[in-house]
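Fold and contact review
Take a look at the letters that make up each chain.
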Protein chains: 2
Amino acid sequence: MNDTFLRACRGEDVEYTPIWIMRQAGRYLPDYQEVRRKVDFLTLCKTPELAAEVTIQPVDILGVDAAILFSDILIPLESMGMKLRFLEKKGPVLSRPVRKMKDVEALRTIKPKKDVPFVLDTIKILRRKLRKKVPLIGFAGAPFTLATYMIEGGSSKNFLHTKTMMFSAPEVFHSLMERITETTMEYLSAQIRAGAQAVQIFDSWAGALAPDDYREHSLPYVKKTIEALKPLGVPIIYFVNNCGGLLELARTAGADVIGIDWRVDIGKAITKLGKGVSVQGNLDPLALFADERVLESKVKEILKKGSRARGHIFNLGHGIIPQTSPDMAKKLVQMVHELSG
Amino acid sequence: MNDTFLRACRGEDVEYTPIWIMRQAGRYLPDYQEVRRKVDFLTLCKTPELAAEVTIQPVDILGVDAAILFSDILIPLESMGMKLRFLEKKGPVLSRPVRKMKDVEALRTIKPKKDVPFVLDTIKILRRKLRKKVPLIGFAGAPFTLATYMIEGGSSKNFLHTKTMMFSAPEVFHSLMERITETTMEYLSAQIRAGAQAVQIFDSWAGALAPDDYREHSLPYVKKTIEALKPLGVPIIYFVNNCGGLLELARTAGADVIGIDWRVDIGKAITKLGKGVSVQGNLDPLALFADERVLESKVKEILKKGSRARGHIFNLGHGIIPQTSPDMAKKLVQMVHELSG
């Protein structure tokens, strides 16, 4: 098996810089769209054979060095008792958002084997099918990021309800965060026990917080989650979107790898993060719309700076966007391998 | 006149920390809504008596230390030959976006007296009415921020067209930036000559760029704009939204004041910016939904850290949101004055 990804996570020597791409299984791939013509998004997440199929697609098509479970960070919220739908243009909708203590008290903790057997089954199928290929990454949303969806009832522009609760009913907010953290720990532990060889915690909305608020309202729960997972022995990646003001704090969460977005210089980020952690990132997803020559110069720059980290896993700084050409994604993977090898 | 704002911009002594609020004349004020019931947004921008009226409202209601011209950063794009509309829920729409060199070549440079007399007239009315009150700030969008609207045809999530042009047709992009810069210099110079006592350049979307791209594609045009304005002698504020990864670069633009968003620690920002520049910011706009006690502790923290800057102008880290209670905004102004006085 190609284990460059796992070795880079641990800061061990690698022959070349491994790469995977956030949302690498997704709409930009015609092969994925073909599967989606048969089933809706949630059904795809919940059908192990199909979820495994689309998970493997980018491994075969692009040649990436890791696969990531095809799923959605909001899946465990259903197990907590929320009703989840995905609307074609609007994105996720959670009816009856969490606003009061009684809403928090009505939430359950996930029982993965009972509540999300399809996730564990997908992982088992994937480990079998990926055996001679690449490692499998499991994932979950970070507690704060999940809280925003639960409180807002979906995506949000300015997190009015989330921050109102945080700033004016902190006891309700912290109770909610405790419950989400419990579920996240159970959920990720179960993924690892089912076979996930690394996990990524997505803090997609951490960057909406002022650093002091991040320290108080998000970070402790990420720390707690990571502490619970550490004994299971797989690398833990903590992706902090819009991390510019949060890097030094995020470093203290205890992850093996910090994933960073493209809005920061990866060289400066590595200086701030130090030698105890590997770094994942951080090409602007829109660089895949550049001339090949421009793309190459950007990739070189990131590889050069990234080589100063304990370990470097190449990735985009955020998910690949649906309009991307699969050929350019493939070219990126080749470039990273060739230029770093 | 209360000139604390101007003195803080220049790093001179002040009796207390001055405060104004981005979007302080706006939808959260019933008095503003009352005016808007009579006219649509663009008509309001173009009717000097009304624009002056809503500009003064927050000075009288909240007691802020500066007024900012009521207008919109997209106004000068009409003078460049684009058709601008504001749709109630969708925001600004610019028909026939700029995509090719011929679109760039069709653009004109603003002639302020002919094209936007209403802006200059509003400033003149305001200077008369504000004479014994507070200074008047003029403003414009930064060239990159304006370019995103022109290229996308409105707001954007991931700046697909802007970055595609930037990365694959840089000569078109730079021609466009040159033209926007010309117009911005003319537009701001005219505002200053009409009486604006300071100007703010809003780089609302700079934070969507990787630092290397910001350095190459945005910063030179801001520098050029600021250089052209310097001889006119008024303080220049450069607001860089989502500035976390860009502060050291933004510092080199040459502004007297750097405005920062709430996602960075103002203490760390001041360390990075050094003693040659004043700082404006940076309370999370959503902190106005906090308990008064929580709000106070946040304000104290910002004031304490802000006191280490050459000069500190208190502000939110982004525009006040429409759902804000005017009472809380008023309380914020009082708090800043009392706690820093």
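So, a few notes on the structure that sits alongside this text. (Residues numbered from 1 in each chain as written. Chains lettered and ligands numbered in written order. Predicted model: local features only at pLDDT ≥ 70, side-chain atom pairs only at ≥ 80, totals over all residues.)

Here we come to the sheet that holds strand β6 (residues 236-240) of chain B. Residues and elements named next belong to chain B. If you trace the seven strands from one edge of the open sheet to the other, you get β1-β4-β5-β6-β7-β8-β9, paired in parallel fashion. Pairing within the sheet leaves two strands with one partner each, and these edge strands are β1 (67-68) and β9 (312-316). Alignment of strand β7 (residues 257-260) against strand β8 (residues 278-283), held across three bridges, turns out to be parallel. By the bridge assignment for β8, Ile258 is matched with Val279. Where helix α11 (residues 170-194) meets the sheet, its contacts fall on β4 (136-141) and β5 (198-203), and the angle it forms with β4 comes to roughly 170°. (Pairing = 2+ DSSP bridges. Helix = DSSP H or I, 4+ residues; strand = E, 2+ residues; numbered from the N terminus. Contact = placed C-beta atoms within 7 Å. Axes fitted to C-alpha atoms, helices over the stretch in contact; angles between N-to-C directions.)

Mapping chain B onto chain A calls for a rotation angle of 180° and an axial translation of 0.0 Å; the resulting RMSD is 0.0 Å. Both copies are brought into coincidence by an operation consistent with a two-fold rotation axis. In terms of proximity to the rotation axis, the leading residue of chain B is Gly244 of chain B, whose C-alpha is 2.1 Å off the axis. Comparing contact sets, 100% of the residues at the interface of chain B also lie at the interface in chain A, consistent with an isologous, same-surface contact. (Least-squares fit on C-alpha atoms with pLDDT ≥ 70 in both.)

All names here are of chain B. Structurally, Phe202 is set in strand β5. For the pair Phe202 and Ile237, spaced 35 residues apart in sequence, the C-alpha separation works out to 8.5 Å. Residues contacting Phe202, with those up to four places away along its chain left out, are Ile73, Phe139, Gly141, Ala142, Thr145 and Phe239.

All names here are of chain A. For helix α16 (residues 292-306), spanning 15 residues, the distance from its first C-alpha to its last is 20 Å, which sits close to the expected 21 Å at 1.5 Å a residue. Residues of α16 that are buried include every one of Leu295, Lys298, Val299, Ile302 and Gly306, and no others. Here the buried residues of α16 occupy an arc of 100° about the axis, which is enough to place them on one side. Looking at the buried positions of α16, the neighbouring elements they touch are α15 (266-273), β8 (278-283), β9 (312-316) and α17 (326-340). (Expected span 1.5 Å × (residues − 1). Buried ≥ 20, exposed ≤ 12 C-beta atoms within 10 Å, placed from the backbone. Arc of directions from axis to C-beta.)

Now for the interface of chain B and chain A. Between chain B and chain A, the residue contacts involve 28 residues of the former and 28 residues of the latter. Put simply, the parts of the chain that give the side of chain B that touches chain A at least two residues each are α10 (160-168), α12 (211-217) and α16 (292-306) of chain B. For the side of chain B that touches chain A, the element with the most residues is α10 of chain B, which contributes five residues. Class assignment for the residues of the side of chain B that touches chain A results in 13 nonpolar, eight polar and seven charged. (Nonpolar A, V, L, I, M, F, W, Y, C, P; charged D, E, K, R; others polar.)

Within the element layout of this structure, Ile321 of chain A appears in the loop between β9 and α17. Between the C-alpha atoms of Ile321 of chain A and Leu286 of chain A, which are 35 residues apart in sequence, the distance is 7.8 Å. Excluding anything up to four places from it in sequence, Ile321 of chain A contacts Pro285 of chain A together with Asn158 of chain B.

Consecutive side chains along a regular strand alternate between the two faces of the sheet. Residues and elements named next belong to chain B. Of all the five residues making up β6, five are buried; the element is thus mostly covered by neighbouring parts of the structure. Burial along β6 is two-sided: Ile236, Tyr238 and Val240 and Ile237 and Phe239, pointing in opposite directions, are all buried. Pairing of β5 with β6 involves five bridges; the strand directions are parallel. Considered in β6, the bridge of Gln200 is made with Ile237. Two elements, β6 and β7, share four bridges in a ladder whose sense is parallel. What sits directly across from Tyr238, in β7, is Ile258.

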